[in-house]
Protein chains: 2
Amino acid sequence: MSAGAAPATPARVVVLGGGFGGLYTALALERLAAKGAAVEVSLVNRENYFVFQPMLAEVIAGDVGILDTLSPLRQLLSRTRIFVREAEAVDLERRVVTLGAGLTRRTHEVPFDHLVVALGSVTDFRGIPGLPEHALPFKTLADAVRIRNHVIHVLEQSSEERDPEQRRAMLTFVVAGGGFSGTEVAGALNDFVRRAVRDYPSIPQSEVRIVLVHSGKRLLEGELTPQLAAYATTALAANGIELMLGERLASATPGSAVLSDGWRIRTRTLISTVPSSPNPVVEALGLPLVRGRLDCEATLAVKGADRVWGVGDCGLIPMPGGRPSPPTAQHAIRQAKLLAANIVAHEAHAPLRRFAFSGLGKLGALGHQRAVAELPGGLRLSGAPAWLMWRAVYWWKLPGTARKTRVAISWLSDLALPPHPVQLNLGGSRGTAQAHYEEGETVFNEGDAGDSLFMIIAGQVEVLKRFGDEQRAVGTLGPGEYFGEMALLGRDPRSATARALSSLDVLVLPASDFSALAGGLPEFRRGFEEIARRRTDANAVPSAPDPPG
Amino acid sequence: MSAGAAPATPARVVVLGGGFGGLYTALALERLAAKGAAVEVSLVNRENYFVFQPMLAEVIAGDVGILDTLSPLRQLLSRTRIFVREAEAVDLERRVVTLGAGLTRRTHEVPFDHLVVALGSVTDFRGIPGLPEHALPFKTLADAVRIRNHVIHVLEQSSEERDPEQRRAMLTFVVAGGGFSGTEVAGALNDFVRRAVRDYPSIPQSEVRIVLVHSGKRLLEGELTPQLAAYATTALAANGIELMLGERLASATPGSAVLSDGWRIRTRTLISTVPSSPNPVVEALGLPLVRGRLDCEATLAVKGADRVWGVGDCGLIPMPGGRPSPPTAQHAIRQAKLLAANIVAHEAHAPLRRFAFSGLGKLGALGHQRAVAELPGGLRLSGAPAWLMWRAVYWWKLPGTARKTRVAISWLSDLALPPHPVQLNLGGSRGTAQAHYEEGETVFNEGDAGDSLFMIIAGQVEVLKRFGDEQRAVGTLGPGEYFGEMALLGRDPRSATARALSSLDVLVLPASDFSALAGGLPEFRRGFEEIARRRTDANAVPSAPDPPG
C-alpha cells in the first residue's frame, strides 16, 4: 500500500490461541501493519505466555529451567491487543468472540472482521475407561511440571516402601503413544529417573522400568523412513526402555494400566500422549471438521465460512500434492506468515496465495543425547549428531535474544552442575473427582488412612472385614451408595477393606472437601453420622447386610 | 571416641523438619557419626528439598529462578534416612513418630531415642474473619509462586477492565505486617509490579498502589535500632509504597481489606505475613509452650521431656542474658551444631554445653536494591551497600557449590536480560472452600457468569432482581439456605444479584465439583432442579418469598 492511499477503517482481526500458529500470525500482521496495512490485531490466549512446545519434554528431565520454555506474549507482540482469557464461544453470525469470566465474573465480547482459529488440539481421554481420572496428559507446561512432581513423589515413596509388589509398581513408569511426543517423553523420563534414583540408596535400581506402549510395530512409524524408525526403536530399547509394540491402552486404574490384550501393568505413573481431539471451541463453531480438524483451503480460508481462517494443528491444510500439512511448528510458522499476507490481500481485493511448503525435515529427540533427523534431499542423521542438530535448530527458533541466552545458560550450567531433582508441588487439590477401578482391585484396605469418601456411580463394591486371621465379606454396595465415611468422621483408619466386584466408577470426595461441607452444614455431617452409626451397630454381627466403609 | 571403643548400639535420632534447624542438625550429626559417634539419623520433611527461606521474596519478583532457592535434601545429606512425608503425630510414651499416609494410604511409625523438633512455625489466619479464605500467606515456596501468579493474573485482568473502580481495586496490592518478612515482600512486590506494568499500555501506571499495613509507628521497630528503622520506613515510602502505620487488619473479603479503624481498602490482593503459630504437631506434643514455642533449656533440651530437643523457630531458646534467641537462620544454624554435639555428649554421659551465640548482625532487604544492616560492634549500613552485603551474605550461606553457581548465574543474567513476567499456573482448584463477606458487599451480580454454588453458614443474604430500570429485593436467605444453583444447572448468567445483609460466611462449591456431584449422583442434581423450579415459579411474582439465586 502506498503512503498516499486513503486511510481505510482498519480490519479487526481476532486471533484465537497463542501457540506457534497464533503468535506468528499476529507477529506477521504487526509487521504488515507497520508497513501500512490497515489491520488491528487482537489475540486471545488462556496464558500470558507463549510456550515453546518442542522443549516441554526437557522440563520433565530438568534440562531447561521451568520458565525457560515460556516467553511473555506482551513482550513479543507490541501492537497487538492481548486478552488473557478463555475463548468461550464464537458467534459467526454476529461476528463476536465471547471471552470467559475473569475476576469480576463478567463475560466480555470482542467483535471481529477476520477470525483466525489457532487453537491447536486438546488431549481427550474420554472413551478409554479410567484414562481421564488416572492418566497424566502431556500437552501443556502444567502437564510437564505435574509429571515431574509426580515422578519425584513416587520415587520418594518407593524408597520407603517395604511391600516389594507395591514398590515395583511405584518404580514402573508407563508412557502410551509412540509418536514424536511419546518417544520424547519416554526418553526424557528414562534419563531423569535413572539419574535421580542414584540419590536413593534404598531403591533397587534394577527395579526401575520405563515402558512405552505403542500400537504400531515400530516407533515413529509413518512419521519417519522405516530405516530411521528402526534406529529410533533400537536406540530406545538400548537405553533400557521396554517397548510394548502392537498394543493399545484399554483402561486405567489408580494402580495399573490395562492393555488391549488384557495384560495388566502395575504402575503408579501412566502418561498418555494420545489421543488428541479438537478444542471444544473449534467443535462448537459448527463448521465441518475432517478428522477433528477445520477443513481449510490451501489459502487457509476455512471452507464454508466468511473470513474465518485456520492455522496450525487445528486446521486441515492441504499441501501441494494434496496431503494434509503435518502438525509441526515449522509448518505452523509458514502458514502464519502466508495467512497474514492473505488477510491483507483479501482486504485489498487482491488474489490470495496458496500454502506451498513441504517441510525442512523432521527431528525427534530420543533421550540420552540421541535423536533422529530426516532432512530435505534425503539426508538422514541419527544419534549424537542428530541430537546436537535438534538442540541447535530449536534453540535458533526460540523467540527473542533474551530467551535464547537464558536457554543457552541453562544448558551450559547443566553440563557443569549436578541434576536437580526437586519437586515443585504447589498444592491445590483436584476437588471432587471420579475414579475408575477394574474388577478385583482394592479401593482401600482395612487399616489404611482414610482420606476420602466414595460414592458409587456404576459397578459393585465388596466390603471385607478381618475377624482374627480371617477376612470375611460383610456386604456388597451398588450404584448410589457410598462408603468410606467412617474414617472421615472419626479420623480413624479404615475399618474395612473395599474391593471392586466389577468394573467400578466412583465419585471421590476428598477429606478436605468433606470437612468443609461437614463443618459448614451440620445436617450434612449428621446425615453421615446417622448412617455410620447404623452401619456400626449392624456390623457387630459379621453377617449384617449393611456394611461399613 | 577412639577406634578401640566397644561398638555401641547407635542412638536413633529422628529430626522433624528440614529447614535451617533440622537440616543443619542432621548435617552436624552426620559429621560426628563420621568421626565415630554412634548415632543413626532420620529426617522427616514434607518436601524432598530444603528451601532457602531468605531468598523467597526474590521468587515473587523473579530475581532468582523458582528452583534456585531449593536444594535436594538427599544431595545434602548422604548418611541420613530421609522420609518425605507429613509427621502426623508423636507418641512420647512409646517413642515413635507416626508419618502420614502416602500413595499406599498406609501410615508408618519411626521409633526414636532422641527426637529433634525443628518444625518452625506455621501461618495461622484463624481469628481474623475472612483471612483464612481471602489472604495469601507468605511462608513457603508454594506461597511465593502463588503470589507471583496471582499478581500477574490481576495485572492481566486490570488491563481489560473498563470499570475504573474495579480496575483500581485490581491495581491495589496490600501487604499486612511490617517485620522483616513484610517489608521484604512489599519491596519485592513494588519492584515487580512497577516494572511489569510497563508491558501493559492500557494500565494507568499512576493507579498502581502498594500498601503496607503495620501495627507499629515505624517499620522493623524492635528489630532494628530506631535510626535504621526510620531509614527503612523512609526508603520504602520513597520507593512509592504507601505506609499505613498504627493499623491492623480487622477482616478480609474477596474484594477488600478492612482495617481496625473501619477503613476499607478495595483490593484483589491481600498478602499477610502475620500471625504465625506453632506447628500443629508441636502443639499436639502436650509439652508446655511459651508464646507458641517449645520451652527449652539453654542446652536445647525441651523442659519436662526426656531426650526431646528443640531447635530453630519452634523452640524458645534462652541466650546469654536471658533474652530468647530470635527466629533467624544464623541462630538456627548455630543451635543445630550445638544440638548435635549435645546429643552425642548425652549418649556419652558427658556434660552438655549451653547456647551462647549473640548474633552476627541483622539484615533486611527493602527492594529497589536497597537494604538495612546492623553489624556487631555497632556498625550500621543502609541503602545499596547494605543490599550488596545482603546478597553476598546469603549467597555465601547457600548450601553447596552447585547452588551458589546457579544463583550467581541467575543474578547475573537478570542484570543483562529483561524481566520475565510469566505466570506458572499449574491449575488445581481449591475444591470446596469458605468465603467471607462484609455487610453491603456483593457476592455476585445479576448477569455475571455463574461459577459456583453458595451455602450460607452464618449471616444473611439479600436477593435483588432488576425489573426494567429498577432493582427490587425479592427475598432474604439465612443460615442453611443456598443460592446460585440456577446458573450452575443451566450454565446461564446469574438471574439475580446476591448481597450480604450482614457479616456473611458461605461455603462455596465450585462449578467443577457441582458438575461432578450432579453427574455422578442423579438425585443430587434432581434435588437442586426441583428447588430451582419452585424458585422460578415463585419469582414470576416479584414479591415472592422464596427467591432465586
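Residues numbered from 1 in each chain as written. Chains lettered and ligands numbered in written order. Predicted model: local features only at pLDDT ≥ 70, side-chain atom pairs only at ≥ 80, totals over all residues.

Trainee: How would you summarise the overall build of chain A if you had to cite specific residues and measurements?
Mentor: If you tally the helices and strands in chain A, you get 15 helices and 34 strands. Seen through its principal axes, chain A has C-alpha atoms that stretch 95 × 55 × 40 Å. Per-residue burial over chain A gives 49% buried out of 549 residues. (Helix = DSSP H or I, 4+ residues; strand = E, 2+ residues; numbered from the N terminus. Buried ≥ 20, exposed ≤ 12 C-beta atoms within 10 Å, placed from the backbone.)

Trainee: So what's going on with the packing of helix H1 (residues 20–34) of chain B against helix H10 (residues 329–347) of chain B? Residues and values would help.
Mentor: When two helices pack together, their arrangement is given by the angle between the helix axes and the distance between those axes. All names here are of chain B. Two elements in contact, H1 and H10, have axes separated by 8 Å at closest approach and are oriented at 40°. In terms of their interaxial angle, H1 and H10 are classed as oblique. The two elements H1 and H10 meet at a crossing, and its hand is right-handed. Of the residues in H10, those touching H1 at Phe20, Gly21, Tyr24, Thr25, Ala28, Leu29 and Leu32 are Ala329, Ala332, Ile333, Gln335, Ala336, Lys337, Leu339, Ala340, Ile343 and Val344. (Axes fitted to C-alpha atoms, helices over the stretch in contact; angles between N-to-C directions. Parallel < 35°, antiparallel > 145°, perpendicular 65-115°, else oblique. Left-handed = near helix turned anticlockwise from the far one by under 90°. Contact = placed C-beta atoms within 7 Å.)

Trainee: How would you sum up the confidence of the model for chain A? Please name residues and give values.
Mentor: Residue and element names in this part refer to chain A. This prediction gives chain A a mean pLDDT of 86; 91% of its residues lie at or above 70. No element of chain A has a lower mean pLDDT than helix H15 (residues 522–539), at 69, and none a higher one than strand S9 (residues 114–117), at 98. This model gives residues 540–549 a pLDDT under 50, and the stretch forms 34 contacts once residues within four places in sequence are excluded. Across the interface, the model reports ipTM at 0.81; the global pTM reads 0.85. (pLDDT = per-residue confidence, 0-100.)

Trainee: Quick rundown of the sheet that holds strand S22 (residues 308–310) of chain A? Include the residues and the values.
Mentor: Pairing between the strands of a sheet comes from backbone hydrogen bonds, and it takes one of two forms, parallel or antiparallel. Residue and element names in this part refer to chain A. Pairing within the open sheet is parallel, and its five strands lie in the order S5-S2-S1-S9-S22. Only two strands of the sheet have a single neighbouring strand rather than two, namely strand S5 (81–84) and S22. Recorded for the sheet is a direction-independent mean angle of 20° between the axes of neighbouring strands. Taken together, the six bridges between strand S1 (residues 11–16) and strand S2 (residues 39–45) define a ladder with parallel strand orientation. (Pairing = 2+ DSSP bridges.)

Trainee: Let's hear about unusual backbone geometry: which residues, and what values?
Mentor: Residues and elements named next belong to chain A. Despite not being glycine, Leu220 shows a phi value in the positive range, around 55°. Checked against the element boundaries, Leu220 lands in the loop between strand S13 (209–214) and helix H8 (226–238). Exposure remark for Leu220: the 26 C-beta atoms within 10 Å place this residue in the buried category. Its identity as a non-glycine residue notwithstanding, Leu300 has a phi of 80°, on the positive side. Within the secondary structure, Leu300 sits in the loop between strand S21 (293–295) and S22.

Trainee: Explain helix H7 (residues 180–196) of chain B to me, using residue names and the numbers behind them.
Mentor: The first and last C-alpha atoms of H7 of chain B sit 24 Å apart over 17 residues, in line with the 24 Å expected at 1.5 Å per residue. Counting buried residues in H7 of chain B gives 15 out of 17 residues, a clear majority hidden from the surface. (Expected span 1.5 Å × (residues − 1).)

Trainee: Which residues make up the pairing of strand S33 (residues 497–500) of chain A, and what values do they have?
Mentor: Residues and elements named next belong to chain A. A two-sided burial pattern is seen for S33, the buried positions comprising Thr497 and Arg499 on one face and Ala498 and Ala500 on the other. Note: strand S28 (residues 442–444) against S33, two bridges, orientation antiparallel. Looking at S33, one finds that Thr442 is bridged to Arg499. Where strand S30 (residues 461–467) and S33 come together, four bridges link them in antiparallel fashion. Residue Val461 lies in a different strand from S33, and its bridge partner there is Ala500.

Trainee: Give a description of the sheet that holds strand S32 (residues 482–483) of chain A that names residues and reports values.
Mentor: All names here are of chain A. A sheet is described by the order of its strands in space; here four strands give the open sequence S27-S34-S29-S32, paired in antiparallel fashion. The open sheet has two edge strands with one neighbour each: strand S27 (433–437) and S32. In the sheet, strand S29 (residues 452–458) pairs with S32 via two bridges, with the strands oriented antiparallel. Across the sheet, residue Met455 finds its bridge partner in S32, namely Tyr482.

Trainee: So what about the environment of Val116 of chain A? Which residues, and what values?
Mentor: Residues and elements named next belong to chain A. Position of Val116 relative to the elements: it lies in strand S9. When the 31 C-beta atoms within 10 Å are taken as the criterion, Val116 is described as buried. Spatially, the C-alpha atom of Val116 lies 9.5 Å from that of Leu300, the residues being 184 residues apart in sequence. In this structure Val116 touches Val13, Val15, Leu16, Gly22, Thr25, Trp309, Val311 and Leu339, once residues within four positions along its chain are discounted.

Trainee: Which residues make up the pairing of strand S29 (residues 452–458) of chain B, and what values do they have?
Mentor: Residue and element names in this part refer to chain B. Of all seven residues in S29, five are buried, a share of seventy percent or more. Across six bridges, the pairing between S29 and strand S34 (residues 504–510) is antiparallel. Each residue of the ladder has a partner; that of Phe454, found in S34, is Val508.

Trainee: Any chance you could break down the environment of Pro399 of chain B for me, citing the residues and the numbers?
Mentor: All names here are of chain B. Secondary-structure assignment places Pro399 in the loop between helix H11 (384–397) and helix H12 (401–416). C-alpha of Pro399 to C-alpha of Leu70: the two residues are 329 residues apart in sequence and 9.5 Å apart in space. Excluding its chain neighbours within four sequence positions, the residues that come into contact with Pro399 are Phe50, Ser71 and Leu76.

Trainee: Describe the environment of Ala500 of chain A, and please don't skip the residues or the numbers.
Mentor: Residues and elements named next belong to chain A. Tracing the sequence through the fold places Ala500 in strand S33. C-alpha separation for the pair Ala500 and His436, spaced 64 residues apart in sequence, amounts to 9.6 Å. When sequence neighbours within four positions are dropped, the list of residues in contact with Ala500 reads Tyr437, Glu438, Glu439, Gly440, Glu441, Val443, Gly459 and Val461.

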